[in-house]
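# A closer look at the structure
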Amino acid sequence: MIHFIHGTLASLTGDYAVIDCGGVGFKLGISASTGSKLSMKTGKDVLLYTYMAVSEDNISLYGFSDEDELTLFTKLISVSGIGPKAGISILGTLSPDDLRSAVMNNDAKTIATAPGVGLKTAQKLIIELKDKIALGDADIAVAAGPNNSEKLIQVVDTLALYGFPRAKVTEVLKKLDTNLPLEELITRTLRILGKEVGR
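This write-up is about the structure you can find in this document. (Residues numbered from 1 in each chain as written. Predicted model: local features only at pLDDT ≥ 70, side-chain atom pairs only at ≥ 80, totals over all residues. Heavy atoms only, no water.)

## What to know about the packing of helix 2 (residues 67–76) against helix 3 (residues 84–93)
- Axis separation between helix 2 and helix 3 bottoms out at 9 Å; the angle between their running directions is 135°. Of the possible angle classes, the one that applies to helix 2 and helix 3 is oblique. The way helix 2 lies across helix 3 gives a crossing that is right-handed. For the pair helix 2 and helix 3, the contacting residues are Glu69, Leu72, Phe73 and Leu76 in the first and Pro84, Gly87, Ile88, Ile90 and Leu91 in the second.
- When its residues are assigned to classes, the contact of helix 2 with helix 3 shows 7 nonpolar, 1 polar and 1 charged. (Axes fitted to C-alpha atoms, helices over the stretch in contact; angles between N-to-C directions. Helix = DSSP H or I, 4+ residues; strand = E, 2+ residues; numbered from the N terminus. Parallel < 35°, antiparallel > 145°, perpendicular 65-115°, else oblique. Left-handed = near helix turned anticlockwise from the far one by under 90°. Contact = heavy atoms within 4.5 Å. Nonpolar A, V, L, I, M, F, W, Y, C, P; charged D, E, K, R; others polar.)

In structure tokens, the structure reads:
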């Protein structure tokens, strides 16, 4: 697996970027979001995180400006009926945080605004990814308040290891005093989650 490609951006179109690495040009499919970040970098050094899609009759590389976008892409294409092109289309229409928000809020109409993605596919995506897509740091920061984001991310990561959905943990944290010590936050969050499960 090629994790990233670092080289000179040789050319850029709406759907593809070509990166020159030591005289070899790698053609990567990109989202509109990644394309906009590369728009002023032709002839300059760039780094794209990559995903290699292999089918019976084709091998394609896709490039992403950051690992967050790559992670979401791999989750999107894990949904049956969503291939790499549809995944790129969704990420070109919605930012990672907007996509997470749409999934968490069951907003299929927003996801369906991506070209080539119908309402039924968007609804299926929400069902399959609801508990797999983590809220971004920006969403956690809303719950955390000033200077507590790192601590809340630790709480979310810890409880996710025990099978609690990240979205649910974050919702509980929004109701708690985030200035509490880490261990106390974990204990109180578990207590509330336990009561909700027991209902």
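## Remarks on the pairing of strand 5 (residues 58–64)
- Within strand 5, 5 of the 7 residues are buried, which leaves the element mostly enclosed by the surrounding structure.
- Examined bridge by bridge, strand 3 (residues 24–29) and strand 5 share 2 bridges and lie parallel to one another. Looking across to strand 5, one finds that leucine 28 is bridged to leucine 61.
- Bridge count for strand 4 (residues 45–55) against strand 5 is 7 bridges, and the pairing is antiparallel. Bridge assignment links alanine 53 to a residue of strand 5, and that residue is serine 60.
- The loop that links strand 4 with its antiparallel partner strand 5 comprises 2 residues. (Buried < 20%, exposed > 50% of the residue type's maximum accessible area, 1.4 Å probe, protein only. Pairing = 2+ DSSP bridges.)

## Some thoughts on the pattern of salt bridges
- The tally for this structure, following the rule as stated, stands at 3 salt bridges.
- The partner of aspartate 66 in a salt bridge is lysine 37, with the nearest N and O atoms 3.5 Å apart. Of the two residues, aspartate 66 sits in the loop between strand 5 and helix 2 while lysine 37 sits in helix 1 (residues 32–38), which places them 29 residues apart along the sequence.
- Residue classification places aspartate 66 among the partly exposed positions, given a relative accessible area of 26%.
- Accessibility expressed as a relative area gives 43% for lysine 37, which makes it partly exposed. (Salt bridge = Lys/Arg side-chain N within 4 Å of Asp/Glu carboxyl O.)

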